[in-house]
Amino acid sequence: MMPDDSRELFQRHDRNPIISASDFPHTVNAVFNPGATEFDGQTLLLLRVEDRTGSSSLVVATSDDGITNWRIDPERALPRQLDLVEEHWGIEDPRITRIGDEYFVVYVGYSTYGPLVLLAKTRDFMTWERCGVLQPADDKDAALFPTTFDGRWALIHRPVPATPDLGTHVWLSFSPDLHYWGEPRVLLAARRGSAWDANKIGLGPPPLLTKDGWLICYHGVHQTASGSIYRLGLAMLDQDDPAKVLARSSEWVLGPSAPYEQSGDVPGVVFSCGWVLRDDGDTLHLYYGAADSVVGVAETSLAKLLGHLETHPGPLEPSRRRLGDP
Ligand code: BMA
């Protein structure tokens, strides 16, 4: 690992991009936005693989060290099911939550009615049980917590409102049975004005339990004259009450700057659906899609991320104070 800039919280691996379309045995358009977990002593990525028709499926790749020698296993895939309206145009952006010895994969189904949130379960990434729709269209960027809260499961998700001028925000909903979802509320509101996370945000990887609470990584979509910039920032939720936001960083912590993040199908995008905390309890590998084309990995220290949230606190809610107010 060569530090690319020691002032940065995340260090990109010098082997980046670690997986590209050219690593596949057959022709594909792009490989990006993987879910990530540890499985059977290896790092397992569930890659979003976009074929040359334009549709995506989810394919497993594994590595002993989480950085090199990725083995792509097309046999271990969750293929989109063309005959399902919910998956007709593909399946995208999986987030993996391990609960007991099952892996709950929350992913986006590109349905004929728009993108929606789907759940599938597996024990081995070979055989899958599809569990249906968790949130109707338009909704994406969703993940489950690995534990219940007062007997209720919790899902972070990102519906797109009919009035996007008022912002596109991150929501939290609860369920007694992973089937019926309710108690929806805004968890993180998109900031306004010049902020890096103004107007449109969405969850990145699943929440990670730390000594300070649930660590959240989310993306902010910054509009510029030449398109959108997708960057990542941090927030912290209360361990017992995930609806309570304890901290939210004022600054983004990873943004597109490397050549493979700046050129591709969608230049200017870093988009993460998965991270893995290593056995030392501090080394964290963040896997991300770069420019909607390839997969990168960036390393950081969990202690540093928690420290950053303390030293760079942002307002939890937009300020409503007016000039002249006391
Ligand atoms: C989001 C999702 C991601 C994609 C990103 C940038 O809306 O569709 O899959 O990486 O846009 O294009």
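What you see is a predicted model; the values in this text were computed from it and never measured.

## Considerations on the pattern of salt bridges
Argument step 1. Under the definition given, this model contains 18 salt bridges.
Argument step 2. Here Glu-50 makes a salt bridge to Arg-48, at a shortest N to O gap of 3.9 Å.
Argument step 3. Arg-48 gets classed as buried once you look at its relative accessible area, which sits at 9%.
Argument step 4. Among the salt bridges present, the one from Arg-185 reaches Glu-183, with a minimum N-O distance of 3.7 Å.
Argument step 5. The class for Glu-183 is partly exposed, based on a relative accessible area of 40%.
Argument step 6. A single salt-bridge network, built from bridges that share partners, covers Asp-101, Glu-102, Lys-121, Arg-123 and Glu-129.

## Focus: the site of the ligand
Argument step 1. The local shell around the ligand consists of Asn-33, Arg-48, Asp-93, Lys-140, Tyr-230, Val-266, Val-269, Phe-271 and Asp-292.
Argument step 2. Interatomic distance of 2.6 Å between a side-chain N/O atom of Asp-93 and an oxygen atom of the ligand.
Argument step 3. Considering the ligand on its own, with 310 Å² of exposed area, one finds that the protein chains cover 84% of that surface.
Argument step 4. Here the shell around the ligand is composed, by residue class, of 4 nonpolar, 1 polar and 4 charged.

## A word on the nonpolar core
Argument step 1. The biggest cluster of nonpolar side chains holds 25 residues, and the ones touching the most others in it are Phe-10, Leu-215, Leu-254, Trp-275, Leu-286, Tyr-288 and Leu-305.
Argument step 2. Those elements giving two or more residues to this core turn out to be strand S16 (213–224), strand S17 (227–237), strand S19 (270–277), strand S20 (283–290), strand S21 (294–301) and helix H2 (302–311).

## Overview of unusual backbone geometry
Trans peptide bonds make up the majority, and among non-glycine residues the majority have a negative phi.
Argument step 1. A cis amide bond links Asn-16 with the next residue in sequence, Pro-17, at an omega value of -10°.
Argument step 2. Its place among the elements puts Pro-17 in the loop between strand S1 (11–12) and strand S2 (30–39).
Argument step 3. Unusually for a residue other than glycine, Asp-40 sits at a positive phi of about 55°.
Argument step 4. Residue position: Asp-40 is located in the loop between S2 and strand S3 (42–50).
Argument step 5. Unusually for a residue other than glycine, Glu-183 sits at a positive phi of about 50°.

## Observations concerning the sheet that holds strand S4 (residues 56–63)
Argument step 1. Overall, antiparallel pairing links the 4 strands, which are arranged S2-S3-S4-S5 in an open sheet. Single-partner strands in this sheet number two, and they are S2 and strand S5 (71–78). Taking the axes of each pair of neighbouring strands and ignoring which way they run, one obtains an average angle of 30° across the sheet.
Argument step 2. Examined bridge by bridge, S3 and S4 share 8 bridges and lie antiparallel to one another. Bridging across to S4, Arg-48 finds its partner in Leu-58.

## Side note on the packing of aromatic side chains
Argument step 1. The full count for this structure, using the stated rule, is 11 aromatic pairs.
Argument step 2. Taking 5.7 Å as the distance between ring centres and 75° as the angle between the ring planes, the aromatic pair formed by Trp-89 and Tyr-110 counts as edge-to-face. A residue pair is termed long-range when its members are at least 10 positions apart, and Trp-89 in the loop between S5 and strand S6 (91–99) and Tyr-110 in strand S7 (residues 102–111) qualify at 21 residues.
Argument step 3. When its relative accessible area of 36% is taken as the criterion, Tyr-110 is described as partly exposed.
Argument step 4. Among the aromatic side chains, those forming a connected cluster through ring pairs are Phe-39, Tyr-103, Phe-125 and Trp-128.
Argument step 5. Directly above the aromatic system of Phe-174 lies the positively charged group of Arg-152, at a separation of 4.0 Å from the ring centroid.

Rules used throughout
Residues numbered from 1 in each chain as written. Predicted model: local features only at pLDDT ≥ 70, side-chain atom pairs only at ≥ 80, totals over all residues. Heavy atoms only, no water. Salt bridge = Lys/Arg side-chain N within 4 Å of Asp/Glu carboxyl O. Buried < 20%, exposed > 50% of the residue type's maximum accessible area, 1.4 Å probe, protein only. Near = heavy atom within 4 Å. Polar contact = N/O pair within 3.5 Å; in protein donor to acceptor, adjacent residues only side chain to side chain. Areas by Shrake-Rupley, 256 points an atom, 1.4 Å probe, with all protein chains shown as cover. Nonpolar A, V, L, I, M, F, W, Y, C, P; charged D, E, K, R; others polar. Core = buried A, V, L, I, M, F, W, Y, C linked by side-chain atoms within 4.5 Å. Helix = DSSP H or I, 4+ residues; strand = E, 2+ residues; numbered from the N terminus. Pairing = 2+ DSSP bridges. Axes fitted to C-alpha atoms, helices over the stretch in contact; angles between N-to-C directions. Phe/Tyr/Trp six-rings, centres within 6.5 Å; stacked < 30°, edge-to-face > 60°. Lys NZ or Arg CZ within 6 Å of the ring centre and 35° of its normal.

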